[in-house]
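Residues per chain are reported as follows:
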Amino acid sequence: VSPGDPLGTFDLGFSPCQILDREQFVWLDRHCLKIVFTLQDLIWSRCSYLCARNPAALDLLRLATRMADGVIAISEAGRADLEAFYPGCFGADGPEVRVVVHGLSDRDAAAGAGASRDGPILVVGNSYAHKCLPEALAVLASANRPVVVLGETPKGLSLPSHVTAYSDGKLPQERVDDLFRTCCALVFPSQYEGFGLPVARALALGKPVVLFANDTNREVVGHFAVWPGQAVFCDTFEDVAAAVDKALSSEMPGVPASVVRRTWEEVADDTYRFFRDVLDRPCTADRIHRRHEAAQSVGALLAAERLVSALRGPSGECAYRAAFRAVAARVSGLFHWQRAKGGA
């Protein structure tokens, strides 16, 4: 449902990505007895340049994690990240965290039967700094075959004549499928991912993959690689050129059409089973009350910000002060209430 639709109450509210929006958190608290969300990644917590854009989002994610009844992580590495960055959110009264890894579609299995190694080197990323497209393309500037970038490149980045870039949101699905099916290898230069679906897809198609040696990438390779040595890992960008040469010289065995080890239907089944487990656990009035108090404080802050943004000129000064007195009273009340209950 749309967050703006007041459709009554629900046993469980589910967000398919982490809760970084305050209105969403308030809405879920108002309409849902229990809350589950999927943690796609913690890139906003890991990267300072993203933290600086919206520091309040990190506080909200911490609050939502503590107040949720269940959290789905899409990799074991993602679960470890969550517990390392937000250690105070777990324990006897915290949410259950379950890993439900991503899957692939039947379309990928069908494409695998006709996969070839005749096409260009495929590089997948986007303009975010941690995707490292400029660094990867600098290494591939001397490649002796065409390079195709799938994803928006950073503004002002000049591309060599043998490099073609496509914004993935503007290509027909058939063209995207064709790029994966015909490429000779995938280069995935991202330094951090929650999962890395392009890696899983290329592996399932039997393509060699060049990627960095982090926990998430190793985990995805473990789930989806179809032949030994299919993934070539790098520690630095100085290793990428040699890794690409090694990937291109490897022999690609025939890949059967049934190679996809995990489908989206299996992902859906695992997700639904987690919903059932969360619903079967008893909930306490104390926990619901604490969550509601937190959501009311977030809602008061939102209301005050809307009021302040509407104020113009000296005539709005009294309302401005009143709005923040209301917020201060609400937040102070929440702190005192949590201290009385032994909360942090």
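Let me begin by describing the structure that accompanies this report. Fair warning: this is a prediction, and the values are worked out from it, not measured in the lab.

## Quick look at unusual backbone geometry
For residues that are not glycine, phi is negative in most cases, and the peptide bond is trans in most cases. For C132, which is not glycine, the phi torsion reads 60 degrees and is therefore positive. Mapped onto the elements of the fold, C132 is located in the loop between β5 (121-124) and α7 (133-139).

## Describing the pattern of salt bridges
Under the criterion given, the structure shown has 18 salt bridges. Salt-bridge contacts for R276 lead to D280; the nearest nitrogen and oxygen are separated by 4.0 Å. One end of the pair is R276 and the other is D280, both in helix α12 (residues 264-280) and four residues apart, which spans about a single turn. Judged by its relative accessible area of 56%, D280 falls in the exposed class.

## Some remarks on the state of the cysteines
Two cysteines, two sulfur atoms, one covalent bond between them: this is a disulfide. Throughout the structure, instances matching the rule amount to zero disulfides. Free cysteine C132: the closest other cysteine sulfur is in C47, separated by 9.1 Å.

## Quick look at the packing of aromatic side chains
The description of two aromatic rings rests on the distance between their centres and on the angle between their planes. Enumeration according to the criterion identifies three aromatic pairs in this entry. Ring plane angle 90 degrees and centroid distance 6.2 Å describe the contact between F195 and F224, whose orientation is recorded as edge-to-face. Taken together, the residues F195 in the loop between β8 (185-188) and α9 (197-204) and F224 in helix α10 (residues 215-224) connect sequence positions 29 residues apart. Sitting above the plane of the F233 ring, R218 keeps its charged end 4.3 Å from the centroid.

## Digging into helix α11 (residues 240-249)
Taken together, the buried positions of α11 are occupied by V240, A243, V244 and A247. The buried residues of α11 all sit within an arc of 100 degrees when viewed along its axis, so they share a single face. Set apart from the buried face of α11 by more than 90 degrees, the exposed residues are A242, D245, K246 and S249. Among the structural elements, β5, α7, β8, β9 (209-212) and β10 (231-234) are those in contact with the buried residues of α11.

## Comments concerning the nonpolar core
Within the largest apolar cluster, 30 residues are counted, with the highest numbers of intra-cluster contacts made by I19, F25, F37, L42, L82 and Y86. Broken down by secondary-structure element, the contributors of at least two residues to this core are α1 (22-31), β2 (32-39), α3 (48-51), α4 (55-67), β3 (70-73) and α13 (285-310). Considering each element in turn, this core owes the most residues, five residues, to α4. Those residues in contact with L42, other than ones at most four positions away along the chain, are L61, D81, L82, F85, Y86 and Y192.

## So, the sheet that holds strand β6 (residues 147-150)
Reading across the sheet, the six strands line up as β7-β6-β5-β8-β9-β10 and stay open at both edges, with parallel pairing between neighbours. Only two strands of the sheet have a single neighbouring strand rather than two, namely β7 (163-166) and β10. When strand polarity is set aside, the average angle formed by the axes of neighbouring strands in this sheet is 20 degrees. Against the sheet, helix α8 (residues 173-182) engages β5, β6 and β7, with an angle of about 135 degrees to β6. Along the sheet face, α10 touches β8, β9 and β10 and points at about 170 degrees away from the line of β10.

Cut-offs and rules
- Residues numbered from 1 in each chain as written.
- Predicted model: local features only at pLDDT ≥ 70, side-chain atom pairs only at ≥ 80, totals over all residues.
- Heavy atoms only, no water.
- Helix = DSSP H or I, 4+ residues; strand = E, 2+ residues; numbered from the N terminus.
- Salt bridge = Lys/Arg side-chain N within 4 Å of Asp/Glu carboxyl O.
- Buried < 20%, exposed > 50% of the residue type's maximum accessible area, 1.4 Å probe, protein only.
- Disulfide = S-S within 2.5 Å.
- Phe/Tyr/Trp six-rings, centres within 6.5 Å; stacked < 30°, edge-to-face > 60°.
- Lys NZ or Arg CZ within 6 Å of the ring centre and 35° of its normal.
- Arc of directions from axis to C-beta.
- Contact = heavy atoms within 4.5 Å.
- Core = buried A, V, L, I, M, F, W, Y, C linked by side-chain atoms within 4.5 Å.
- Pairing = 2+ DSSP bridges.
- Axes fitted to C-alpha atoms, helices over the stretch in contact; angles between N-to-C directions.

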